[in-house]
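Read off the chains here:
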Amino acid sequence: MLSERISSLKPSPTIALTSKVREMKSKGVDVIGFGAGEPDIDTPEFIKEACYKAMKEGKTKYPPAGGIPELREAISEKLKKINNIEYKPSEIVVTVGAKLGLFLIFFALLDKGDEVLLPTPYWVTYEDQIKLCGGVPVYIRLSPKNNFKLTYEDVKKHITKRTKIIVINSPVNPTGVVFEEEELRKIAQLCVDRNIFIISDECYESLIYDNVNFKSVASFSEEIKKITFTVNSFSKTFSMTGWRVGYVACPENYARIISGLNSQFVSNTSTFAQYGALEALINPESETFIKEVRVLFKKRRDVIVEALKSIEKVEVVKPEATFFIFPNFSYYTEKVGNDVKFSDYLLEKALVAVLPGSVFGMEGFLRMSFALDIEHIERGIERIKLSLEDLT
Ligand code: PLP
């Protein structure tokens, strides 16, 4: 018999879809994938070079559980310069991607039955990680009518005696919106007053368009910083998804615990990968790379928004960040039964891969990634449009 804990586990649907699309493509099927959760751009050469160099220099042994000191120092500098937060290197723990960082935080904080506030739609991994750690996700359903923004009132209504953590993921995967600073400040203060921890997942901070305002939650005040776990990653910013480098920044007593868990679970991510990540932070070429990627994704964002708007009965909230869009297809999903069946329909009829909104906690929507070139975005949406003719 497997443990009770494991009974709630389901494999990541995003990874499953990516594998399915890869398999179809390898069989010569001309499928257009809107499922990707990663940039379609290679890691910059200067980052790879730093990793090769580290390997050649013999930096191939176990890393310290908290991460190599040079990288923790560079992350501390980055958080000061870009996010306006003072974290000492001892308050930073390098993790095997932000994904493991998040898991370790839930693992360290949650007892059975503790509640975690989860603005919905949410990135699917949070829900599973919370359940695996014995927690109970409490869904705060956001509305497209309010552009999927989280408000103070939303949060206040859902707090109970068992509320232990709130997950704030802004910019948001899957909607691409950035929560309003004013609301976040009020929410964070409420968490201080009610003894609730904040996890602030800021993985998409470099992909914000049109100068939309974004501030790190921990930068709001010293008392807010004390209850906040700032989580970030090299994956999206530097196209390093396969390197598996992320980090958690938090007060030192918690950092020591996360680092201790690292030492028992994984030691840490590969030593040479950490030298690559270090280069990403200190090499001035990174700034140019980030700007170029942002310009590219903004163009694609504009194309996909217009293309989707041209489909009748589909509602779109324009993403302000990320490479995701979360259009409302409920008129069509209802015709075939639900959004899972509709995604299957699109894969079969239009050879287009998308993820059903229900995977992210919101039925009737689709999550579409625009991490693919403009020609494919346009062709993919045309195919969807054609396939819908049979449903109207
Ligand atoms: N947080 C969010 C919101 C994400 O979308 C992802 C990846 O899709 C991650 C964290 C995980 O990032 P990493 O590759 O660093 O594990």
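Each value, and the rule that gives it
For every chain, the first residue of the written sequence is number 1, and numbering continues from 1 along that sequence. Totals for whole chains, interfaces and linings use all residues, but because this is a predicted model, local features are given only for residues with pLDDT of at least 70 and pairs of side-chain atoms are given and counted only at 80 or more. Excluding hydrogens and water, the side-chain values take into account all heavy atoms of the structure. To qualify as a nonpolar core, a set must consist of buried Ala, Val, Leu, Ile, Met, Phe, Trp, Tyr and Cys residues joined through side-chain atoms within 4.5 Å. Three exposure classes are used, based on accessible area relative to the maximum for each residue type with a 1.4 Å probe and protein chains only: buried under 20%, partly exposed in between, and exposed over 50%. Note on conventions: DSSP H or I runs of at least 4 residues are helices, E runs of at least 2 residues are strands, and numbering of each starts at the N terminus. Residue ranges assigned to the domains are those given by an automatic or database domain assignment. Between two residues, a contact is recorded if the distance between any of their heavy atoms is within 4.5 Å. Whether two strands pair depends on DSSP finding at least two bridges between them. To be near a molecule or strand, a residue needs just one of its heavy atoms within 4 Å of it. Any pair of N or O atoms that falls within 3.5 Å is considered a polar contact. Within protein, one atom must be able to donate a hydrogen and the other to accept it, and sequence-neighbouring residues count only if both atoms are side-chain atoms. Per-residue and other accessible areas follow the Shrake-Rupley method at a 1.4 Å probe size, with only the shown protein chains counted as cover for residues. Here the term charged refers only to Asp, Glu, Lys and Arg, the term nonpolar to Ala, Val, Leu, Ile, Met, Phe, Trp, Tyr, Cys and Pro, and the term polar to all other amino acids, Gly among them. In this description, a line fitted to the C-alpha atoms serves as the axis of each element, helices being fitted only across the stretch in contact, and the angle between N-to-C directions of two axes falls anywhere from 0 to 180 degrees. Just to be clear on terms, a salt bridge is a Lys or Arg side-chain nitrogen sitting within 4 Å of an Asp or Glu carboxyl oxygen. For Phe, Tyr and Trp, rings pair up if their centres lie within 6.5 Å, where Trp contributes its six-membered ring, and each pair is then called stacked (planes under 30 degrees apart), edge-to-face (over 60) or tilted (otherwise). In this scheme, the term charge over a ring applies when either NZ of a lysine or CZ of an arginine sits within 6 Å of the ring centre and within 35 degrees of the ring normal. By definition, the buried area sums, over both parts, the 1.4 Å-probe accessible area that each loses when the two are put together.

A. Broad picture of the nonpolar core. Ranked by size, the top nonpolar core spans 93 residues in total, and within it Phe34, Phe106, Phe234, Phe329 and Met368 carry the most contacts. The element contributing the most residues to this core is helix α11 (residues 285-309), with nine residues. Residue contributions to this core reach at least three from each of two domains, namely domain 1 (4-43 + 287-391) and domain 2 (47-284). Aside from chain neighbours lying at most four places away, what touches phenylalanine 234 is Leu71, Ile75, Ser239, Met240, Val245, Gly246, Tyr247, Ala277, Ala280 and Leu281. Counting residues in hydrophobic clusters, the runner-up holds 40 residues, among them Phe148, Val217, Val317 and Phe365.

B. The arrangement of the sheet that holds strand β11 (residues 355-356) in detail. The antiparallel open sheet is built from three strands, whose spatial order is β9-β12-β11. In this open sheet, the two strands that pair with only one neighbour each are β9 (324-325) and β11. Pairing analysis gives two bridges linking β9 to strand β12 (residues 366-369), with the strands arranged antiparallel. Of the residues in β12, the one forming a bridge with phenylalanine 324 is serine 369.

C. Molecular detail of helix α5 (residues 124-132). Summarising burial for α5: eight of the nine residues are buried, a large majority. Contacts made by the buried residues of α5 are with α1 (13-26), α4 (97-109), β3 (115-120), β4 (136-141), β5 (163-169) and β6 (197-201). Remark: glycine 134 follows α5 within two positions and exhibits a positive phi of approximately 90°.

D. Broad picture of the site of the ligand. The immediate surroundings of the ligand are formed by 14 residues, with Ala98, Asp201, Ser233, Ser235 and Lys236 found nearest. Between the ligand and tyrosine 204 there is a distance of 2.7 Å, counted from an oxygen atom to a side-chain nitrogen or oxygen. Compared with its free state, where it exposes 400 Å², the ligand has 93% of that area covered by protein. Ranked by the residues each element gives to the shell around the ligand, the list is headed by α4, at three residues. Here the shell around the ligand is composed, by residue class, of five nonpolar, five polar and four charged.

E. Summary view of the sheet that holds β4. With mixed pairing, the seven strands of this open sheet are ordered in space as β2-β8-β7-β6-β5-β3-β4. Of all strands in the sheet, those with a lone pairing partner are β2 (92-95) and β4, marking the two edges. Taking each pair of neighbouring strands and ignoring which way they run, the sheet shows an average axis angle of 20°. Contacts from helix α7 (residues 181-193) reach β5 and β6 within the one sheet, and its direction differs from that of β5 by about 160°.

F. Examining the pattern of salt bridges more closely. In the structure shown here, the tally under the stated rule is 30 salt bridges. Lysine 149 is paired through a salt bridge with glutamate 180; the nearest N and O atoms lie 2.7 Å apart. Residue lysine 149 is located in the loop between β4 and α6 (152-158), and its partner glutamate 180 is located in the loop between β5 and α7; the two are separated by 31 residues in the primary sequence. Classification of lysine 149 by relative accessible area gives buried; the value is 10%. One salt-bridge network, in which partners are shared between bridges, spans Asp30, Glu375, Arg379 and Arg383.

G. Expanded view of the packing of aromatic side chains. Scanning all chains against the criterion turns up 22 aromatic pairs. Where phenylalanine 234 meets tyrosine 247, the ring centres are 6.0 Å apart and the plane angle is 65°; that geometry is what we call edge-to-face. One end of the pair, phenylalanine 234, is in the loop between β7 (228-233) and β8 (246-249); the other, tyrosine 247, is in strand β8, and 13 residues separate them in sequence. Across the pair, exposure class does not vary: phenylalanine 234 and tyrosine 247 are buried alike. An aromatic cluster is present here, built from Phe329, Tyr331, Tyr332, Phe342 and Tyr345 joined pairwise through their rings. The ring centre of phenylalanine 297 lies 5.1 Å from the NZ or CZ of arginine 300, which sits over that ring.

H. Region of interest: the environment of leucine 308. In this fold, leucine 308 is placed in helix α11. On the basis of relative accessible area, leucine 308 is assigned to the buried category, the value being 0%. Apart from residues no more than four positions distant in its own chain, leucine 308 is found in contact with Val314, Val316, Ile325, Pro327, Phe329, Met368 and Ile381.

I. Spatial organisation of the domain arrangement of the chain. Along its sequence, the chain is organised into domain 1 (4-43 + 287-391) and domain 2 (47-284). Summarising the inter-unit geometry, the C-alpha centres of domain 1 and domain 2 are found 25 Å apart. Listed per partner, the contact involves 39 residues of domain 1 and 43 residues of domain 2. Around 3,600 Å² of area is buried between domain 1 and domain 2 when both sides are counted, 58% of it from carbon and sulfur atoms. At the junction of domain 1 and domain 2, the tally comes to five salt bridges.

J. Molecular detail of the side chain of serine 233. With respect to the element layout, serine 233 can be found in strand β7. Within the structure, serine 233 has its side chain in polar contact with the backbone nitrogen of serine 235 (distance 2.8 Å). Non-local contacts of serine 233, meaning those with residues more than four positions away in its chain, are made with Ala98, Cys203, Val245, Gly246 and Tyr247.

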